[in-house]
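Given next are the chains, with one letter for each unit.
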Amino acid sequence: EEQQILIKNFKKQMEGERLQSDQSIVIIPTDFEILHTSYNSDKATVIVQEEFLQTGFTAVKSFTYYLHRLDGIWKVYNYEVKNIGTK
């Protein structure tokens, strides 16, 4: 129940466009596309192209998320970011 409350509160913060300054996520993507997904029984890799609205342009980045399954729940344990360019 406590986890569900935390998720609900985090979602509200995300919908509010910005998180508190002590959080690591500060810009919410305005668009995204899942480009590739691969997985086996306990590990997965997901590559996503994300767009972030900046002042006067849109930044395009590629995120590679690395996940593992723990107690039946997929969790991100690492990620990589590549700057693709701007629009």
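What counts and what doesn't
- Residues numbered from 1 in each chain as written.
- Predicted model: local features only at pLDDT ≥ 70, side-chain atom pairs only at ≥ 80, totals over all residues.
- Heavy atoms only, no water.
- Helix = DSSP H or I, 4+ residues; strand = E, 2+ residues; numbered from the N terminus.
- Buried < 20%, exposed > 50% of the residue type's maximum accessible area, 1.4 Å probe, protein only.
- Lys, Arg positive; Asp, Glu negative; His and termini not counted.
- Salt bridge = Lys/Arg side-chain N within 4 Å of Asp/Glu carboxyl O.
- Polar contact = N/O pair within 3.5 Å; in protein donor to acceptor, adjacent residues only side chain to side chain.
- Pairing = 2+ DSSP bridges.
- Phe/Tyr/Trp six-rings, centres within 6.5 Å; stacked < 30°, edge-to-face > 60°.

Visitor: Any chance you could break down the side chain of Glu50 for me, citing the residues and the numbers?
Guide: Structurally, the position occupied by Glu50 is in strand β2 (residues 43–54). Despite being buried, Glu50 has no salt bridge partner; Lys61 is the closest side chain of opposite charge, sitting 9.5 Å away. One polar contact links Glu50 to Tyr65, side chain to side chain, over a distance of 2.8 Å.

Visitor: Can you lay out the pairing of strand β1 (residues 31–39) for me, pointing to particular residues and giving the numbers?
Guide: Where β1 meets β2, eight bridges bridge the pair, whose relative direction is antiparallel. Pairing of Glu33 across the sheet is with Gln49, part of β2. Between β1 and the antiparallel strand that follows it, β2, lie three residues.

Visitor: With reference to specific residues and values, describe the pairing of strand β4 (residues 73–86).
Guide: Pairing between strand β3 (residues 57–70) and β4: twelve bridges, direction antiparallel. Across the sheet, the residue bridging to Arg69 is Trp74, located in β4. Hairpin geometry of β3 and β4 is characterised by an intervening segment of two residues between the two adjacent antiparallel strands and by a positive phi of about 55° at Asp71.

Visitor: Which residues make up the pattern of salt bridges, and what values do they have?
Guide: Counted according to the given criterion, the structure contains one salt bridge. The shortest N-O distance in the salt bridge between Lys87 and Glu51 comes to 2.7 Å. Here the residue Lys87 occupies a position in the segment after β4, and Glu51 occupies one in strand β2, the gap between them amounting to 36 residues. For Lys87, a relative accessible area of 62% translates into the label exposed. Judged by its relative accessible area of 13%, Glu51 is buried.

Visitor: Which residues make up the packing of aromatic side chains, and what are the values?
Guide: What characterises a pair of aromatic rings is the spacing of the ring centres plus the angle enclosed by the ring planes. Summed over the entire model, instances satisfying the criterion amount to five aromatic pairs. An angle of 25° between the planes, with centres 6.4 Å apart, marks the rings of Phe63 and Tyr79 as stacked. Within this pair, whereas Phe63 is found in strand β3, its partner Tyr79 is found in strand β4, the two being separated by 16 residues in sequence. Phe63 sits in the buried class, given a relative accessible area of 11%. Ring centres of Tyr65 and Tyr79 lie 6.4 Å apart, and the angle between their planes is 35°; this geometry places the pair in the tilted category. Placement of Tyr65 in strand β3 and of Tyr79 in strand β4 is noted, with a sequence separation of 14 residues between them. You can call Tyr65 partly exposed: its relative accessible area is 22%. Aromatic rings pair up to connect Phe52, Phe63, Tyr65 and Tyr79 into one cluster.

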